[in-house]
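# Topology and contacts: notes
Each chain, written out:
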Amino acid sequence: MNRREAREIVLHMIYSGEYSEKDPERFVKEALEPEYFESMAGEYELYQAAPSEDQLDYLRRASVGVLTHGPELDTYIEKYAVGWSVSRISRVAKCVIRLSMYEMLYLQIPVGASVNEALELCKRYDSPETAGFVNGVLASFIANELPERAQ
């Protein structure tokens, strides 16, 4: 499993976990069990390979982090999605933006890599128009919150 596939799995987990009543730690732990991967393998090819220990670490940290920091990340989305409330943004786009922001703020993922991967996830799960919107939100976020890391 490569990092792109790991991000895709994180997107699945935060998309589902957002509406789970379980604690984020417990939800993610259960979602990373081999039995869960086996159950998803028939529907999604990316679940056919078990993640390595490094990938499991990223999957845990990113998923739990995004689910735990959702309100904080939504504050940034509200601030930089000018004219849009979080409730009007598609669920996929919101999850993608949260993931990218979390990666840049807390996991020290390079800005360019995180934004590029966010746009690819949007194109795969939403639309090219949504990818343009996500790019604009992330560009404003980076320029104002992470100017020292802007490229």
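Below you will find a few notes about this structure. (Residues numbered from 1 in each chain as written. Predicted model: local features only at pLDDT ≥ 70, side-chain atom pairs only at ≥ 80, totals over all residues. Heavy atoms only, no water.)

Bringing the overall build of the chain into the picture now. For the chain, the count of helices and strands is 8 helices and 0 strands. In the chain, the order of α-helices and β-strands from amino to carboxyl end is α-α-α-α-α-α-α-α. Along the first, second and third principal axes, the C-alpha set of the chain runs to 40 × 30 × 25 Å. Considering the chain as a whole, with its 151 residues, one finds that 47% of them fall into the buried category. In the chain, the proportion of contacts linking residues at least 24 apart, taken out of those at least 6 apart, comes to 74%. Accessible area of the chain: about 7800 Å², with a carbon and sulfur share of 48%. Charge separation in the chain, taken as the distance between the mean sites of 16 positive and 25 negative side-chain charges, equals 3 Å. (Helix = DSSP H or I, 4+ residues; strand = E, 2+ residues; numbered from the N terminus. Buried < 20%, exposed > 50% of the residue type's maximum accessible area, 1.4 Å probe, protein only. Contact = heavy atoms within 4.5 Å. Areas by Shrake-Rupley, 256 points an atom, 1.4 Å probe, with all protein chains shown as cover. Lys, Arg positive; Asp, Glu negative; His and termini not counted. Charge placed at Lys NZ, Arg CZ, Asp CG, Glu CD.)

Scanning the entire structure with this criterion turns up 7 aromatic pairs. Between Y76 and F141, the aromatic rings sit 5.1 Å apart at their centres with planes inclined by 75°, giving edge-to-face as the arrangement. Taken as a pair, Y76 in helix α5 (residues 70-80) and F141 in helix α8 (residues 128-145) lie far apart in primary sequence, 65 residues in all. Across this residue pair, the class does not change: Y76 and F141 are buried. In textbook terms, an aromatic cluster arises when at least three aromatic residues are bridged by ring pairs, as seen for Y36, F37, Y44 and Y47. The ring of W84 has R88 lying over it, and the distance from NZ or CZ to the ring centre is 4.2 Å. (Phe/Tyr/Trp six-rings, centres within 6.5 Å; stacked < 30°, edge-to-face > 60°. Lys NZ or Arg CZ within 6 Å of the ring centre and 35° of its normal.)

Let's shift gears to helix α2 (residues 24-31). Considered for burial, the residues of α2 that qualify are F27, V28 and A31. The arc that holds the buried residues of α2, viewed along the axis, is 95°, so those residues lie on one side. Exposed residues lying more than 90 degrees from the buried face of α2 are E25 and K29. (Arc of directions from axis to C-beta.)

Turning our eyes to something else, we now look at the packing of helix α1 (residues 3-17) against α2. In the contact formed by α1 and α2, the axes pass within 11 Å of each other and the chain directions differ by 135°. Comparing the axis directions of α1 and α2 gives the class oblique. Where α1 crosses over α2, the two elements pack in a sense that is right-handed. Across from M13, S16 and G17 in α1, the residues of α2 making contact are F27, V28 and A31. Its residues placed into classes, the contact of α1 with α2 shows 4 nonpolar, 2 polar and no charged. (Axes fitted to C-alpha atoms, helices over the stretch in contact; angles between N-to-C directions. Parallel < 35°, antiparallel > 145°, perpendicular 65-115°, else oblique. Left-handed = near helix turned anticlockwise from the far one by under 90°. Nonpolar A, V, L, I, M, F, W, Y, C, P; charged D, E, K, R; others polar.)

Everything listed here is a matter of geometry and, on its own, says nothing about what the molecule does.
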